[in-house]
Amino acid sequence: GFLGLMFLVRLPEIPKIAARYRSQLLWMGALVLCALLSAAYGHFYQRHFTAYVYSETAIILHWLMFLGVALLAHNEETAEKVLQAIIGLAMVLCLVALAQSFFALRLNFSGESRVEILDEASGGISAIKRSLVPGVPLVLFCYFLSLQALLRGSGRRWAWGLVWLITSLALFVSFGRALWVVTALLSLVAAAMLGRRALLHFALTGGIVGGIVVAVLAVFQPDVLTGIVNRMTSLRNEGGASTSFGWRLTENYFAMPKILSNLWIGLGLGAEYKPRFVELRYFSEQTRYIHNGYLYVLLKMGLIGLVLYLMFYWTLLRTCLANRLFLQEEHAPKAATLLVLVAVLLLNFTQPEFFASVTITAMATLIPVAHQARLWRRKHVVS
């Protein structure tokens with residue numbers, strides 16, 4: 001319905017949008033076609049369960065949102081309005097995540113949302129509940145956007161400081177070890193983009209603020225500090241079948257022979273590759289789900305599908321890298337989106353972002369908006 005509405009409203013703009021995003025749309029079309037052929041192969045030849053085939057095919061089809069958003073955000077003014085809506089939505093998601101952690105109550109009932117208490121082996125903190133909400137790429141986008149604004153001293157610093165604080169807390173209560181590490185590393189990259197002076201300023205300020213926070217926690221909430229350290233070092237205590245790391249090792253053990261035996265085209269979308277180890281009500285997708293996003297694509301769509309996916313993803317990266325505009329202040333949305341794209345590539349080693357509908361929808365939305373929006377354009381026009 002959204003795509004149909006955009007086609008009707010922006011009918012005269014379609015040729016211009018198609019020319020603007022030609023390479024992205026071509027590779028996206030190739031990826032979607034590959035997914036449809038893989039779905040047909042899985043359904044008609046491999047005889048996979050129909051609901052599984054439909055579910056995984058629908059995930060890939062979320063990339064079509066790219067065309068709809070590109071038509072919606074067809075110029076700078078409209079793109080800036082969509083950008084404001086994205087920031088507002090990300091703030092809502094962050095507040096929901098924080099409320100869920102504080103009240104230990106699930107407030108969002110999408111499949112991507114959950115609230116849980118991490119056990120001691122997983123580095124849990126008794127005073128803080130793990131809270132996950134959909135739309136983490138949008139939260140990361142606002143985190144990097146606000147970080148750049150603070151480092152540049154642009155806009156209303158108190159407002160960007162508030163955005164940075166809320167997004168930081170939301171990322172913290174996710175208790176994702178990979179997410180924490182990736183965010184920290186790319187924060188340094190974000191500062192380095194602005195030059196040595198900004199990087200030095202970020203490192204000094206971060207060190208001072210971090211030291212103060214550690215000192216305060218050590219005095220008033222030592223359990224939180226201990227829990228953070230335990231969470232970051234808990235990987236060494238894992239490896240058993242019931243642990244997070246152990247579960248991933250088991251998935252890889254069963255997936256690799258299937259991948260090698262069907263290297264080029266995979267098993268087809270909807271394929272199951274491993275036996276069930278826990279009750280269905282605890283993990284209904286366990287026989288077809290694998291946490292490594294690269295192995296997920298290889299397993300279902302083969303080497304051909306993975307190459308097409310990575311080539312399409314490269315066109316998205318190239319959109320942000322073009323002419324090095326992301327280094328300019330008014331093109332901060334491009335820089336933030338670039339960092340999110342890199343974050344997704346890194347996170348795919350521990351979670352299948354390539355097959356996460358929320359992540360795909362977020363990326364399909366961010367790229368056209370970042371391409372058109374100018375964050376501080378009106379200020380420059382006035383000056």
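Whatever comes next refers back to the structure up there.
Remember, it's a predicted structure, so these values are computed and weren't measured experimentally.

A. Looking closely at empty space enclosed by the protein. By the definition in use, this model includes 2 cavities of 30 Å³ or more. In this structure, the largest cavity occupies an estimated 70 Å³ of space. Lining the largest cavity, in full, are Ala97, Ser131, Leu132, Val133, Val136, Val139, Ala170, Leu171, Ser174 and Leu179. Contributing elements (two or more residues each) for the lining of the largest cavity: strand S2 (130-132), helix H7 (136-152) and helix H8 (157-173).

B. A look at unusual backbone geometry. In the Ramachandran plot, Arg47 falls in the positive-phi region, its phi being about 60° despite a non-glycine side chain. Its location among the elements puts Arg47 in the loop between helix H3 (22-45) and helix H4 (50-61). Note on Arg47: relative accessible area 65%, which makes it exposed. Phi at Asn323 takes a positive value of approximately 60°, unusual for a residue other than glycine. Assignment of secondary structure puts Asn323 in the loop between helix H13 (293-321) and helix H14 (332-347). Take Asn323: its relative accessible area is 68%, and that puts it in the exposed class.

C. Inspection of the packing of H7 against helix H15 (residues 357-372) at higher detail. Orientation of H7 relative to H15, taken along the N-to-C sense of each, is 40°, at an axis distance of 8 Å. Classified by the interaxial angle, the pair formed by H7 and H15 is oblique. Note on element contacts: H15 touches H7 through Thr359, Ala362, Met363 and Leu366, opposite Pro137, Leu138 and Phe141. A per-class count over the contact of H7 with H15 returns 6 nonpolar, 1 polar and no charged.

D. The arrangement of the layout of surface pockets in detail. A volume near 1,300 Å³ is recorded for the second largest pocket. Around the second largest pocket sit 32 residues that line it, and Tyr143, Trp164, Ser168, Val209 and Val213 are the ones nearest its centre. Of all the elements, helix H10 (residues 196-220) adds the most residues to the lining of the second largest pocket, at 9 residues. Along the lines of polarity and charge, the residues of the lining of the second largest pocket split into 24 nonpolar, 7 polar and 1 charged.

E. Here's a closer look at a nonpolar patch on the surface. There is a patch of nonpolar side chains on the surface, built from Val181, Leu185, Leu188, Leu199 and Met232 and spanning about 390 Å² of accessible area. With 3 residues, helix H9 (residues 177-193) is the largest single contributor of residues to the nonpolar patch. Within the fold, Met232 resides in helix H11 (residues 222-233).

F. Expanded view of the pattern of salt bridges. Across all of its chains, the model carries 6 salt bridges by this definition. Between Glu116 and Arg130 there is a salt bridge; the shortest N-O distance is 3.0 Å. With Glu116 in strand S1 (residues 114-116) and Arg130 in strand S2, the pair connects residues that are 14 residues apart, well separated along the chain. The exposure class assigned to Glu116 is partly exposed, which follows from its relative accessible area of 25%. Between Glu285 and Arg288 there is a salt bridge; the shortest N-O distance is 3.7 Å. Take Glu285: its relative accessible area is 31%, and that puts it in the partly exposed class. With a relative accessible area of 5%, Arg288 lands in the buried category.

G. Quick look at H4. Taking 1.5 Å of rise per residue, the 12 residues of H4 would be expected to cover 16 Å, and the 16 Å separating its terminal C-alpha atoms lies within 8% of that figure. Within the span of H4, buried status applies to Tyr52, Val53, Glu56, Thr57, Ile59 and Ile60. Buried positions in H4, seen along its axis, are confined to an arc of 150° and lie on one side of it. Next to the buried residues of H4 lie H3, H13 and H15.

H. Quick peek at the side chain of Thr319. Its location among the elements puts Thr319 in helix H13. Leaving out residues up to four positions away in the same chain, Thr319 has contacts with Gln24, Lys334, Ile367 and His371.

I. Structural detail: the nonpolar core. By size, the foremost hydrophobic cluster in this structure holds 105 residues, and its most contacted members are Trp63, Phe141 and Phe355. Per-element accounting of this core gives the leading share, 15 residues, to H13. Excluding anything up to four places from it in sequence, Phe141 contacts Leu83, Ile86, Pro333, Ala336, Thr337, Val340 and Leu366.

J. How the structure looks around the packing of aromatic side chains. For the structure shown, the criterion picks out 19 aromatic pairs. Pairing Tyr41 with Tyr45 gives two aromatic rings, centres 5.4 Å apart and planes at 15°, and the pair type is stacked. One end of the pair is Tyr41 and the other is Tyr45, both in helix H3 and 4 residues apart, which spans about a single turn. For Tyr45, a relative accessible area of 61% corresponds to the exposed category. The rings of Trp63, Tyr294, Tyr309, Phe312, Tyr313, Phe349 and Phe354 are connected pair by pair, giving a single aromatic cluster.

Conventions used here
- Residues numbered from 1 in each chain as written.
- Predicted model: local features only at pLDDT ≥ 70, side-chain atom pairs only at ≥ 80, totals over all residues.
- Heavy atoms only, no water.
- 1 Å grid on protein atoms, 1.4 Å probe; cavity = no way out; pocket = protein on both sides within 12 Å on 5 of 7 lines; lining within 4 Å.
- Points joined across faces, edges and corners; volume = space filled by probe spheres on them.
- Helix = DSSP H or I, 4+ residues; strand = E, 2+ residues; numbered from the N terminus.
- Buried < 20%, exposed > 50% of the residue type's maximum accessible area, 1.4 Å probe, protein only.
- Axes fitted to C-alpha atoms, helices over the stretch in contact; angles between N-to-C directions.
- Parallel < 35°, antiparallel > 145°, perpendicular 65-115°, else oblique.
- Contact = heavy atoms within 4.5 Å.
- Nonpolar A, V, L, I, M, F, W, Y, C, P; charged D, E, K, R; others polar.
- Patch = residues over 30% accessible without salt bridge, like charges linked within 9 Å, V, L, I, M, F, W, Y side chains within 5 Å.
- Areas by Shrake-Rupley, 256 points an atom, 1.4 Å probe, with all protein chains shown as cover.
- Salt bridge = Lys/Arg side-chain N within 4 Å of Asp/Glu carboxyl O.
- Expected span 1.5 Å × (residues − 1).
- Arc of directions from axis to C-beta.
- Core = buried A, V, L, I, M, F, W, Y, C linked by side-chain atoms within 4.5 Å.
- Phe/Tyr/Trp six-rings, centres within 6.5 Å; stacked < 30°, edge-to-face > 60°.

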